[in-house]
Each structure stands twice: as C-alpha cells, then as structure tokens.
Amino acid sequence: MATTPASPSTNDDAPETPAVGKGRATPTRAEQEAARRRPLVANTKEAKAAARAELSERRARAQAGMAAGEEKYLPPRDKGPQRRWVRDYVDAGWHPAEFVMGVMVLVIIVSLLPPNLAIGGIAVGALAYLVMMAYLVIAVGGMILLGFRVKRKVAAKFGKERMERGLGWYAGMRALQMRFMRLPKPQVKRGQYPD
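Residues numbered from 1 in each chain as written. Predicted model: local features only at pLDDT ≥ 70, side-chain atom pairs only at ≥ 80, totals over all residues. Heavy atoms only, no water.

Counting its secondary structure elements, the protein contains six helices and two strands. For the protein, the succession of helices and strands along the chain, N to C, is α-α-α-α-β-β-α-α. Within the protein, the fraction of its 195 residues that count as buried is 23%. Restricting the contact set of the protein to residue pairs at least 6 apart, pairs at least 24 apart contribute 72%. Here the protein displays about 14,800 Å² of accessible surface, and carbon together with sulfur accounts for 63% of that area. (Helix = DSSP H or I, 4+ residues; strand = E, 2+ residues; numbered from the N terminus. Buried < 20%, exposed > 50% of the residue type's maximum accessible area, 1.4 Å probe, protein only. Contact = heavy atoms within 4.5 Å. Areas by Shrake-Rupley, 256 points an atom, 1.4 Å probe, with all protein chains shown as cover.)

Moving on, we get to the nonpolar core. One finds W85, V86, Y89, V90, L146, V150, V154, F158, L167, Y170, A171 and A175 forming the largest nonpolar core, which totals twelve residues. When contributions to this core are tallied by element, the ones reaching two or more residues are α3 (81–92), α5 (124–158) and α6 (167–176). Each residue touching L146, except ones within four places of it in the same chain, is listed here: Y89, V90, H95, A171, G172 and A175. (Core = buried A, V, L, I, M, F, W, Y, C linked by side-chain atoms within 4.5 Å.)

Here the focus is α5. Counted at 1.5 Å a residue, the expected span for α5 with its 35 residues is 51 Å, and the 50 Å between its end C-alpha atoms agrees. All of the buried residues in α5 are V124, A128, M132, A139, M143, L146, G147, V150, V154 and F158. Directly beyond the C-terminal end of α5, a positive phi value near 100° is found at G159. (Expected span 1.5 Å × (residues − 1).)

This next bit is on the side chain of Q82. One can find Q82 in helix α3. With relative accessibility at 5%, the residue Q82 sits in the buried group. Among the polar contacts made by the side chain of Q82, one reaches the main-chain amide nitrogen of E164 at a distance of 2.8 Å. Aside from chain neighbours lying at most four places away, what touches Q82 is V154, F158, R162, M163, E164 and L167. (Polar contact = N/O pair within 3.5 Å; in protein donor to acceptor, adjacent residues only side chain to side chain.)

Two descriptors summarise a pair of aromatic rings, namely the distance from one centre to the other and the angle between the planes of the rings. In the structure shown here, the tally under the stated rule is three aromatic pairs. Here Y89 and Y193 contribute two aromatic rings whose centre-to-centre distance is 5.2 Å and whose plane-to-plane angle is 55°, an arrangement assigned as tilted. Within this pair, whereas Y89 is found in helix α3, its partner Y193 is found in the segment after α6, the two being separated by 104 residues in sequence. Among the residues examined, Y89 registers a relative accessible area of 7% and is labelled buried. On the numbers, 6.3 Å between centres and 15° between planes, the contact of W94 with F99 is stacked. Accessibility expressed as a relative area gives 38% for F99, which makes it partly exposed. An aromatic cluster of at least three residues, connected via ring pairs, comprises W85, Y89 and Y193. Positioned above the aromatic ring of F158, the side-chain terminus of K157 is 5.7 Å from the ring centre. (Phe/Tyr/Trp six-rings, centres within 6.5 Å; stacked < 30°, edge-to-face > 60°. Lys NZ or Arg CZ within 6 Å of the ring centre and 35° of its normal.)

A word on the layout of surface pockets. One number sums up the size of the largest pocket: a volume of about 180 Å³. If you trace the largest pocket, you find it lined by V140, M143, I144, G147, F148, K151, G168, W169, G172 and M173. Listed by contribution, the elements that provide at least two residues to the lining of the largest pocket are α5 and α6. Among the elements that take part in the lining of the largest pocket, α5 stands out by supplying six residues, more than any other. Residue classes in the lining of the largest pocket are distributed as six nonpolar, three polar and one charged. (1 Å grid on protein atoms, 1.4 Å probe; cavity = no way out; pocket = protein on both sides within 12 Å on 5 of 7 lines; lining within 4 Å. Points joined across faces, edges and corners; volume = space filled by probe spheres on them. Nonpolar A, V, L, I, M, F, W, Y, C, P; charged D, E, K, R; others polar.)

Purely geometric stuff here, so don't read any function into it on its own.
And the structure:
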C-alpha cells in the first residue's frame with residue numbers, strides 16, 4: 001500500500017493567518033500618473049516675480065545698450081563700422097527731411113482754420129497744403145542727394161569693393177527721423193562730421 005509522505009513539522013506558535021499583500025490597494029494607472037505629474041516650470045508667485053524682474057532688467061540693459069550704440073545690442077540693420085560711420089555723418093548735419101513731421105503738424109493745425117479765411121485770394125488751407133507739398137519735394141530731394149553723397153564718401157573711406165549695400169537708403173531714412181527720436185541715439189554733435 002502506498003504511504004503518504006510525512007508532513008513537515010509545523011510550528012504551532014506561528015499565527016494562523018499569514019499577512020496578505022502590502023496593506024493597501026494597488027493604485028490604478030491614472031492614480032500613479034497623477035501622483036507623478038509636476039509642473040515643468042515652478043509656478044510659484046516668487047518664481048514668476050523673479051523671472052519677470054530678471055527679464056525686465058535684461059530688456060532695460062539691452063535698450064540702454066542700443067541707445068548708446070553698443071555693437072552687441074544693435075539689430076543687424078545697424079551693425080558694422082560702415083553703418084556707424086553713416087549714422088555719425090547723418091547726425092552731424094542739418095537735413096530738411098527731419099522737420100517734415102513738424103511741417104505736417106502745422107498744416108493740420110492750419111487746416112482747422114475757417115475755410116473762408118484767405119490770403120491774397122487763396123484759401124489758407126490750400127496755401128498750407130501747397131507749402132507742405134513743396135517742402136516734401138525739398139525733403140525728398142535732400143534725402144536723395146544725401147544718399148549719393150554718403151555712398152561716394154563711404155566708397156572713398158572703406159573702398160568701393162567693400163561697400164555694403166543699402167547705405168544711401170539707410171542715410172536717407174535716418175535723416176527723415178527727428179534727431180531726438182533716432183535709435184541708436186546720435187553719438188556726435190552737429191557739425192562733428194566723421195573723418
């Protein structure tokens with residue numbers, strides 16, 4: 001007859017029910033993902049305020065550097081020794097184009113006068129308009145002449161083969177702005193033409 005193997009000895013002091021599991025339910029995948037989720041950037045008020053202050057300080061430094069004409073803060077349009085020379089040349093002179101804005105404001109003010117107001121049989125508004133058109137022709141002519149003069153002087157100073165494109169246009173557009181509105185700010189006084 002077959003005998004059954006002997007059962008191993010048991011320890012009667014051991015607890016009757018063994019510990020089952022880890023004492024809590026297994027979290028679902030959604031719960032695990034929610035527990036791992038963190039913001040990519042710290043969202044605290046202090047961190048935002050510090051970032052805002054640092055950005056503001058960097059912008060102020062860049063604005064001041066651009067106004068002072070520091071090369072590393074200038075946009076590509078204004079970089080380089082030839083552009084600096086053109087800026088100094090334009091800023092050293094008087095140009096009719098820089099007063100166009102003032103003339104236009106005067107024309108607007110005069111156009112507000114009564115339409116029946118006339119000088120020598122011509123309405124003041126029409127006369128002001130004619131003066132403005134004549135001044136615009138003079139200003140544009142001055143800008144064109146300035147562009148040719150700048151190109152000729154840059155070619156003589158830096159060499160015709162090394163001359164950058166667009167210097168005449170750059171000079172004309174800078175001359176069109178009122179001196180106090182130009183960026184980078186003028187680095188020379190009137191009459192101090194560069195060599």
